[in-house]
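Observations on the three-dimensional arrangement
Here are the chains, one letter per residue:
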Amino acid sequence: MTTIIDGKEISKKLREDLNKEIKNLKNKYNAVPGLAVIQVGNVAASSVYVKAKTKSAQEVGIEVIDHHLEESVSQDELLNLIEKLNNQKNVNGILVQLPLPKHMNEQLILDSIHPDKDADGFHPLNVGKLSIASHNDENLLIPCTPYGCLLMLKGLNIELAGKNAVVVGRSNIVGKPMAQLLIKESCTVTVAHSKTNDLPNVCKNADIIVAAVGRPKMIKGEWIKKGAIVIDVGINRIEVEIDGERKNKLVGDVDYKEAEKSASAITPVPGGVGPMTIACLLRNTTIAFKNSR
Ligand code: NDP
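Reading the values: the criteria
Chains are numbered independently. Their residues run from 1 in the order of the written sequence. Only residues with pLDDT of 70 or above have their local features reported here, since the model is predicted, and side-chain atom pairs are shown and tallied only from 80 upward, although totals for entire chains, interfaces and linings are computed over all residues. To obtain the side-chain values, all non-hydrogen atoms of the structure were used and water was disregarded. We call Phe, Tyr and Trp rings a pair once their centres come within 6.5 Å, taking the six-membered ring for Trp, and we label the pair stacked below 30 degrees between planes, edge-to-face above 60, and tilted otherwise. The helix count covers DSSP runs of H or I at least four residues long, the strand count covers runs of E at least two residues long, and both are numbered beginning at the N terminus. Buried residues are those whose accessible area, probed at 1.4 Å on protein chains only, stays under 20% of the maximum for their type, while exposed residues exceed 50% and partly exposed ones sit between those limits. Ring-over charges, as used throughout, are those where CZ of Arg or NZ of Lys falls within 6 Å of the ring centre and within 35 degrees of the ring normal. Domain borders in the structure are assigned automatically or taken from a domain database. Strand pairing is assigned whenever DSSP detects at least two bridges linking the two strands. As a rule, the C-alpha atoms of each element are fitted with a line to give its axis, helices using only the stretch in contact, and angles between N-to-C directions run from 0 to 180 degrees. By definition, residues are in contact when any of their heavy atoms lie within 4.5 Å. Throughout this document, a residue counts as near a molecule or strand when at least one of its heavy atoms sits within 4 Å of that molecule or strand. In protein, a polar contact requires one atom able to donate a hydrogen and another able to accept it; more generally it is a pair of N or O atoms within 3.5 Å, and residues adjacent in sequence count only if both atoms are side-chain atoms. Accessibility throughout is a Shrake-Rupley quantity obtained with a 1.4 Å probe, and a residue counts as covered only by protein chains that appear here. The classification used treats Ala, Val, Leu, Ile, Met, Phe, Trp, Tyr, Cys and Pro as nonpolar, Asp, Glu, Lys and Arg as charged, and all other residues, Gly among them, as polar. Grouping buried Ala, Val, Leu, Ile, Met, Phe, Trp, Tyr and Cys residues that are joined through side-chain atoms within 4.5 Å yields what is termed a nonpolar core. We count a salt bridge whenever a side-chain nitrogen from Lys or Arg sits within 4 Å of a carboxyl oxygen from Asp or Glu. For patch detection, residues must exceed 30% relative accessible area and be free of salt bridges, and they are connected within 9 Å for like charges or within 5 Å for nonpolar side chains (Val, Leu, Ile, Met, Phe, Trp, Tyr). When charges are counted, neither His nor the chain ends are considered; positive counts come from Lys and Arg and negative counts from Asp and Glu. Taken as the charge location is NZ of Lys, CZ of Arg, CG of Asp or CD of Glu.

Here the structure, examined in full by the defined rule, presents one aromatic pair. On the numbers, 5.8 Å between centres and 75° between planes, the contact of Tyr29 with Phe289 is edge-to-face. Taken as a pair, Tyr29 in helix H1 (residues 7–29) and Phe289 in helix H10 (residues 273–292) lie far apart in primary sequence, 260 residues in all. The partly exposed category is assigned to Tyr29, whose relative accessible area is 31%. Above the plane of the ring of Tyr29 lies Arg293, whose end atom (NZ or CZ) is 5.3 Å from the centre.

In C-alpha cells, the structure reads:
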C-alpha cells in the first residue's frame, strides 16, 4: 500500500501548534509575531500566494503588515521600505514575494532584509548557517519549502540516516537547501540538474526522490525504485480536456499515477508540499519573534 503524504493534514497540525505557541507568547510578552508582506506589482500568481500567506498568518495569530507597491516603484524605494521594516519593532519577519519586476535586482533586495527578520530563509547568512549549524538547531531560519519537505519525511517515522536521496533541481530556494537538510539527516545525497547524465538511472538508485524541476510529469514511474519515497515540489499549470472543454490543471514534476505504483509514499499535487511551505513561513516568523526576545 502506498502512503499518500497529506500536506494539508500535516500543515494543519503545524498551524494548530503554532497557534497555541503564539497564544503563550502573547501571554508572556504581551506581543505577537509580526510579518511584513511586500508585493510589488500585480502578478496574478503572486497575489494568490500573498493572499494565502496573509490568511494563514492571521489565523495562527501573527500580525500581518501589508505593503502592496506599484509595479513602477523604484529599487531604491523598495530598499528604503525594507530598511524601515528592518528597524520596526513590531516586525519580526519580512517577506518579499517573488518574482520582482525586471528593473530590480532580486538578490540585492533579498540581501537587504536583516538576517534576523529573513522569514524565507534566503539571506546568505542564514543559508551559510544552514550548512554549518548543529543538527538540532531550532533557532534557524530555514527556506520554507525544503523544510516542509523534511517535515513530511520525518512524519513517516522511518530512519533517514543512510538513505540514498536524489534531489532533482539545484535552485537556491529549493534544491540546494533541500540537499543541506538531507545531509544533516545523514542521507547520502545526489543533486541532479539539467546537465546530469542519465537522470533515469540516477533516480532509480534513490530511496528518496525530491523533485523540484518545474517540468510537468517529467519524473516517470519507471525511474522510481520499488519502495522509494517521492516528494514532488513541482507546481505546473497544464491545460487538459475535461468533458470536451479545455481546463487548467495543477500537476507536479512527477508522473503521479505511474509513480504511485512503485513508491512506498508519495506527495500529491496539489495538497502536498504547497501547504507545508506556508506553514513553515509562519514557523520562521514565530522563531524570529522568539529569537528577538
Ligand atoms: P528553478 O527553475 O529555479 O530550478 C529548476 C531546477 O531544475 C534547476 O536546477 C534546473 O537545472 C533543473 N532542471 C530543469 N530542467 C531539468 C531537466 N530536464 N532535468 C533535470 N533537471 C532539470 O525552480 P524552483 O526550484 O524555484 O522550483 C521548482 C519547482 O517547484 C517549480 O515547479 C516551482 O513552481 C515549484 N515550487 C513549489 C513550491 C511549493 O511551495 N510547493 C515552492 C517553490 C517552488 P539547472 O540548474 O541546470 O538549470
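On we go from here.
Our next topic: the domain arrangement of the protein. Per the domain assignment, the segments making up the protein are domain 1 (30–114) and domain 2 (142–274). Relative to domain 2, the C-alpha centre of domain 1 lies at a distance of 28 Å.

The next point concerns the sheet that holds strand E4 (residues 93–96). Strand order in the open sheet formed by three strands is E3-E2-E4, and the pairing between neighbours is parallel. For this open sheet the edge positions go to strand E3 (63–69) and E4, each flanked by a neighbour on one side alone. Here the average twist between neighbouring strands, direction ignored, is 15°. Here strand E2 (residues 34–40) runs beside E4; their pairing, made up of four bridges, is parallel. Residue Ile38 lies in a different strand from E4, and its bridge partner there is Val96. Strands E2, E3 and E4 of the sheet are contacted by helix H3 (residues 75–86), whose axis makes an angle of about 175° with E2.

This brings us to the site of the ligand. In the vicinity of the ligand lie 21 residues, with Arg170, Ser171, Ser194, Arg215 and Thr277 positioned nearest. At a separation of 3.5 Å, a nitrogen atom of the ligand approaches a polar backbone atom of His193. Here an oxygen atom of the ligand and a side-chain polar atom of Thr277 are 2.7 Å apart. Here the ligand loses 70% of its free accessible area of 930 Å² to cover by the protein chains. A per-element tally of the shell around the ligand places H10 first, with three residues. Residues belonging to the shell around the ligand are distributed by class as follows: nine nonpolar, 10 polar and two charged.

What follows is about the nonpolar core. Leu35, Leu182, Ile208, Val210 and Ile231 are the most contacted members of the largest nonpolar core, which totals 44 residues. Looking at this core, you find at least three residues from each of domain 1 (30–114) and domain 2 (142–274). Leave out the neighbours within four places in its chain, and Val210 touches Val166, Val167, Val168, Met178, Leu182, Ile231 and Val233. Counting 19 residues, the second largest nonpolar core, distinct from the first, contains Val40, Ile65, Leu85 and Val96.

Bringing the pattern of salt bridges into the picture now. What the rule picks out here adds up to 10 salt bridges. Across the pair Glu16 and Lys12 runs a salt bridge, and its minimum N-O distance is 3.8 Å. Pair noted here: Glu16 and Lys12 are both in helix H1, with a separation of four residues, about one helical turn. Its relative accessible area of 38% is what places Glu16 among the partly exposed residues.

With respect to the helices and strands, the residue Val43 is situated in the loop between E2 and helix H2 (44–60). A relative accessible area of 38% places Val43 in the partly exposed class. Sequence separation between Val43 and Pro101 is 58 residues, and the spatial gap between their C-alpha atoms is 9.4 Å.

What follows deals with the side chain of Lys184. Residue position: Lys184 is located in helix H7 (residues 175–184). A distance of 3.3 Å separates the side chain of Lys184 from the backbone oxygen of Leu130, its partner in a polar contact.

Strand order in the open sheet made by the six strands is E1-E11-E8-E7-E5-E6, with parallel pairing throughout. Taken across any chain shown, the strands that pair with only one partner, and hence form the sheet edges, are strand E1 (3–4) and strand E6 (188–192). Direction of pairing for strand E5 (residues 164–168) relative to strand E7 (residues 208–211): parallel, over a ladder of four bridges. The partner of Val167 across the bridge, within E7, is Val210.

Together, Lys217, Lys220, Lys249 and Lys257 line one region of the surface with positive charge. Its location among the elements puts Lys220 in the loop between E7 and strand E8 (229–232). Judged by its relative accessible area of 31%, Lys220 is partly exposed.

For the rest of this paragraph, the subject is the pairing of strand E9 (residues 236–242). Examined bridge by bridge, E9 and strand E10 (residues 245–251) share seven bridges and lie antiparallel to one another. Residue pairing across strands places Ile238 opposite Lys249, the latter belonging to E10.

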